Amino acid sequence: MRQHRIAAIGGDGIGPEVIAAGCRVLEAVAEAQGGFSFAFQTFDWGSAMYRSTGKMMPDDGLKQLEGFDAIFFGAVGAPDIPDHITLWELRLAICQGFDQYANVRPTRLLPGVRGPLREDLGKQIDWVIVRENSEGEYAGVGGRAHRGLPLEVAMDVAVFTRDGVARICRHACEIAMSRPRKHLTVVTKSNAQRHGMVMWDEVCAEVTAQYPALTVEKMLVDAMTARMVMKPGTVDTIVATNLHADILSDLASALAGSLGIGATGNIDPQRRRPSMFEPIHGSAFDITGKGIANPLGSFWTASMMLEHLGEAPAAQRLMRAVEAVTARGDVLTPDLGGTATTAQVTDAVIAALKGANI
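Residues numbered from 1 in each chain as written. Predicted model: local features only at pLDDT ≥ 70, side-chain atom pairs only at ≥ 80, totals over all residues. Heavy atoms only, no water.

In the annotation of an unreviewed UniProt entry, the protein is listed under the name D-malate dehydrogenase [decarboxylating] and assigned to Neoroseomonas oryzicola. UniProt's Sequence similarities (unreviewed entry) comment on the protein is quoted here verbatim: "Belongs to the isocitrate and isopropylmalate dehydrogenases family." UniProt annotates the protein under Function (unreviewed entry) with the comment "Has multiple catalytic activities. Apart from catalyzing the oxidation of (+)-tartrate to oxaloglycolate, also converts meso-tartrate to D-glycerate and catalyzes the oxidative decarboxylation of D-malate to pyruvate." (UniProt positions renumbered as here; feature names shortened; annotations may be inferred.)

What follows is the structure, given as structure tokens:
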């Protein structure tokens, strides 16, 4: 029997709640599908550790994670700790340290879920956003000088490398080629950012030319936001920079009904080190500890992790179970208009996993 070793990092806020639910569901799908199992190891890294040690994770954190098959990550952020500390010293430390350069975020309207768009438009949502995850606007290059003085200056430098742009565009092309429509939109802002984004355009054009079966178009990021709202059916696979895709993917999840549904994989396509899978909803301080966090994002994320681990039938089985629960509509958390708890939704998905028709 295959065994997959998973590092479970709940992190902050509702992260531990939804990761615990996700681990329960992963064990259930392994039992229902058969042929493989999971070995979870929990790491209590995050803001609580920072308050007691001054660090979000140990100095040898990456070394501790190296031997795992994947990382299951909850959320990061706390109201009493600056966001740049919580993000850069845990989540980004792992993403960049392991060169997980492809952030992949699927979005579609699940059965029974109503988003803010008209029903006919909402049903057209079926997207994959591929986000460059290692450089661009979040490269961390820049600094501040003359702090507190009238001439204080702060700079963040968006860093684009030819190799970095080429590899994310290539990964997006491969994803687009695997989808029925074979359609890729390259998002840019080269009309205003005339150096890095112009190179982005040029390198993406070179890479996409190697995929003649793809339909490829280029669109400015501001126009893309309007298109996702007004004409969602014209969008399929999107590739964008670290910042642009970060914003577009949150818009995508909101249009699909709730940020609590969104799923993400931080992928190293070369599989040199473990990839990290996380729901995109964030820490959600306002509902932490209330037992009503939506676990569906962690379940969709778990399905992505199963796919990455080579367990495609189990991944599909899990998504069918999620869809069966949302289609019924009687066990949904408050963000989706229901009254169910995290545990009740988890139990419902596990029950669906065991159903003969899943």
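Enquirer: Help me understand the overall build of the protein in this model?
Expert: Per the secondary structure count, the protein includes 12 helices and 12 strands. Over its C-alpha atoms, taken along the principal directions, the protein stretches across nearly 60 × 50 × 40 Å. Residues classed as buried in the protein amount to 53% of the 358 residues present. A separation threshold of at least 6 residues defines the contact pool for the protein, and within that pool the share at least 24 residues apart is 76%. Within the structure as shown, the protein displays about 15200 Å² of accessible surface, and the carbon and sulfur contribution to it stands at 53%. Computed over 34 positive and 40 negative side-chain charges, the separation of the two mean positions in the protein equals 4 Å. (Helix = DSSP H or I, 4+ residues; strand = E, 2+ residues; numbered from the N terminus. Buried < 20%, exposed > 50% of the residue type's maximum accessible area, 1.4 Å probe, protein only. Contact = heavy atoms within 4.5 Å. Areas by Shrake-Rupley, 256 points an atom, 1.4 Å probe, with all protein chains shown as cover. Lys, Arg positive; Asp, Glu negative; His and termini not counted. Charge placed at Lys NZ, Arg CZ, Asp CG, Glu CD.)

Enquirer: I'm lost on the nonpolar core in this one. Help?
Expert: For soluble globular proteins, nonpolar side chains are generally found buried alongside one another. Ranked by internal contacts, the top residues of the largest apolar core, which has 72 residues, are W200, L306, L318 and V349. In terms of residue count, the dominant contributor to this core is helix α1 (residues 15–33) (9 residues). Those residues in contact with V349 that sit more than four places away from it in its chain are V25, L296, F299, L318, A321, V322 and V325. Core analysis: the next-biggest nonpolar cluster, separate from the first, contains 17 residues, A7, I9, L65 and F98 among them. (Core = buried A, V, L, I, M, F, W, Y, C linked by side-chain atoms within 4.5 Å.)

Enquirer: Can you help me understand the UniProt feature "domain: Isopropylmalate dehydrogenase-like" (unreviewed entry) in the protein in this one?
Expert: Under the UniProt annotation, "domain: Isopropylmalate dehydrogenase-like" (unreviewed entry) lies at residues 5–349. Counting secondary structure, residues 5–349 comes out at 41% helix and 23% strand; the distance between its end C-alpha atoms is 23 Å.

Enquirer: How should helix α7 (residues 196–208) be read in this particular structure?
Expert: Structurally, the α-helix is built with 3.6 residues per turn, so residues lying three or four positions apart point the same way. Between its first and last C-alpha atoms α7 spans 18 Å; for 13 residues at 1.5 Å apiece the expected length is 18 Å, and the two agree. Where α7 is buried, its residues touch β5 (126–132), α6 (162–178), β8 (183–188), β9 (215–220), β10 (237–240) and α9 (242–255). (Expected span 1.5 Å × (residues − 1).)

Enquirer: Please explain the packing of α6 against α7 as it appears in this structure.
Expert: What describes two packed helices is the angle between their axes and the distance between those same axes. Their axes nearest at 9 Å, the elements α6 and α7 cross at an angle of 45°. Put simply, α6 runs oblique to α7. Crossing of α6 against α7: the hand is right-handed. Listed contacts from α7 to R162, V165, A166, I168, C169, R170 and C173 of α6 are M199, W200, V203, C204, E206, V207 and T208. (Axes fitted to C-alpha atoms, helices over the stretch in contact; angles between N-to-C directions. Parallel < 35°, antiparallel > 145°, perpendicular 65-115°, else oblique. Left-handed = near helix turned anticlockwise from the far one by under 90°.)

Enquirer: Help me out: how do you make sense of the side chain of R105 in this one?
Expert: Inspection of the secondary structure assignment puts R105 in strand β4 (residues 102–108). Residues within four places of R105 in sequence aside, it is in contact with R91, W127, V128, I129, R131, D246, S249, D250, A263, T264 and I280.

Enquirer: Help me understand helix α12 (residues 342–353) in this model?
Expert: In this model, α12 (12 residues) spans 17 Å end to end at C-alpha, consistent with the 16 Å of a helix rising 1.5 Å per residue. Three or more residues of α12 are buried, namely T342, V345, T346, A348, V349, I350, A352 and L353. Its buried side turned inward, α12 meets α1, α10 (296–308) and α11 (312–328).

Enquirer: How should the environment of I71 be read in this particular structure?
Expert: Looking at the secondary structure, you find I71 in strand β3 (residues 70–75). The residues contacting I71, other than those within four sequence positions of it, are A7, I9, L65, I94, F98, Q100, P274, S275, M276, F277 and M305.

Enquirer: Explain the sheet that holds strand β1 (residues 2–11) to me, please; I cannot follow it from the model alone.
Expert: Strands pair in a sheet through their backbones, by hydrogen bonds, and they do so in one of two ways: parallel or antiparallel. The strand order across the open sheet built from 10 strands is β2-β1-β3-β12-β11-β4-β5-β10-β8-β9, with neighbouring strands paired in mixed fashion. Edge positions in the sheet fall to β2 (36–43) and β9, since each has one partner strand and no second. Along the sheet, successive strands turn relative to each other by an average axial angle of 25°, direction set aside. Taken strand by strand, α6 contacts β4, β5, β8 and β10, and its axis lies near 165° from that of β5. Lying over the sheet, α9 contacts β4, β5, β8 and β10, oriented at roughly 155° with respect to β5. (Pairing = 2+ DSSP bridges.)

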